[in-house]
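Each chain, letter by letter, is given below.
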Amino acid sequence: MSNMPTSSRHQAGLTALYLGIFATVWFSVPAVEQPWRALLVVGSVASMITAVLGGVMSGRPRGEGGGAQERATNRRYLLIVVAEFAAAGLGAVLLAAADRAEYIPVLVCAVVGLHFFPLAPLLRDPLLRPLGVALCVVAAAGLVAAFGSAVAAGRVVGTGAGLLLLGYAVQALVRARRPA
């Protein structure tokens, strides 16, 4: 058993739960034929297993805590996520209205990447910053692919974001299981 404090294991479990679910969503974005479709299904299944493991880990008792500081952190977290969803939603509506819906995954991936920067200090997880950078790079790669090739932006962004989020979710579980 890990020597990691219970609240840190709880947080790692929540990270794996949320990112596992969102990795599954991202793996569903690309419209591809076999054998790529099978690989995306494998990624989705792995993501859901990771999410379930994270849910189990986060569901264990948290121990002491839950005071005013945790409530304030939860409020800030909620504000960041609401802002993320609002920006992504508004941007998606504008892109759809401009008949550029194929770029919605690029925008959403960039917004998701950017939202990890204010979350890093809030969740005391500096590794969220490189994840944010990597997601922004994937968004840029999707844009470049859409403009410079016949590859759809959603294929690049969906696969890349799914892999990054799954990888981070798995590392959160591994980090939580290691002795301190």
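Each remark here, short or long, concerns the structure printed above.
Residues numbered from 1 in each chain as written. Predicted model: local features only at pLDDT ≥ 70, side-chain atom pairs only at ≥ 80, totals over all residues. Heavy atoms only, no water.

## Remarks on the overall build of the chain
Here is step 1: Scanning the chain from terminus to terminus reveals 6 helices and 0 strands.
Here is step 2: For the chain, the succession of helices and strands along the chain, N to C, is α-α-α-α-α-α.
Here is step 3: In terms of overall dimensions, the chain is globule-like: its C-alpha atoms have a radius of gyration of 17 Å, near the 16 Å expected for 180 residues.
Here is step 4: For the chain, the spread of C-alpha atoms along the three principal axes comes to 55 × 35 × 20 Å.
Here is step 5: In the chain, which comprises 180 residues, the share counted as buried stands at 38%. (Helix = DSSP H or I, 4+ residues; strand = E, 2+ residues; numbered from the N terminus. Rg over C-alpha atoms; globule rule 2.2 N^0.38 Å. Buried < 20%, exposed > 50% of the residue type's maximum accessible area, 1.4 Å probe, protein only.)

## What to know about the side chain of H115
Here is step 1: You can see H115 is positioned in helix 4 (residues 104-122).
Here is step 2: Engagement of the side chain of H115 in a polar contact is seen with the side chain of E84, the distance being 3.5 Å. (Polar contact = N/O pair within 3.5 Å; in protein donor to acceptor, adjacent residues only side chain to side chain.)

## Things to note about the nonpolar core
Here is step 1: Core analysis: the biggest nonpolar cluster contains 31 residues, and L19, C109, F116, L128, L131, L135 and L165 have the highest contact counts within it.
Here is step 2: Elements supplying a minimum of two residues to this core: helix 1 (6-27), helix 2 (36-59), helix 4, helix 5 (128-148) and helix 6 (153-177).
Here is step 3: Tallying contributions element by element places helix 6 first for this core, with 9 residues. (Core = buried A, V, L, I, M, F, W, Y, C linked by side-chain atoms within 4.5 Å.)

## Digging into the pattern of salt bridges
Side chains carrying opposite charge are able to pair once their charged atoms draw close together.
Here is step 1: Scanning all chains against the criterion turns up 3 salt bridges.
Here is step 2: The closest approach of N and O atoms between E33 and R37, which form a salt bridge, is 3.7 Å.
Here is step 3: For E33, a relative accessible area of 57% gives the class exposed.
Here is step 4: One salt bridge in this structure joins R100 and E102, with 3.8 Å as the shortest N-O distance. (Salt bridge = Lys/Arg side-chain N within 4 Å of Asp/Glu carboxyl O.)

## Some remarks on the environment of V56
Here is step 1: Within the element layout of this structure, V56 appears in helix 2.
Here is step 2: The spatial distance from the C-alpha of V56 to the C-alpha of L163 is 22 Å, given a sequence separation of 107 residues.

## What to know about a nonpolar patch on the surface
Here is step 1: A contiguous nonpolar patch, built from Y18, I21, F22, V25, M48 and F85 and spanning about 550 Å² of accessible area, is present on the exposed surface.
Here is step 2: In terms of residue count, helix 1 provides more of the nonpolar patch than any other element does, 4 residues in total.
Here is step 3: Take F85: it is sitting in helix 3 (residues 68-97).
Here is step 4: Note on F85: relative accessible area 53%, which makes it exposed. (Patch = residues over 30% accessible without salt bridge, like charges linked within 9 Å, V, L, I, M, F, W, Y side chains within 5 Å. Areas by Shrake-Rupley, 256 points an atom, 1.4 Å probe, with all protein chains shown as cover.)

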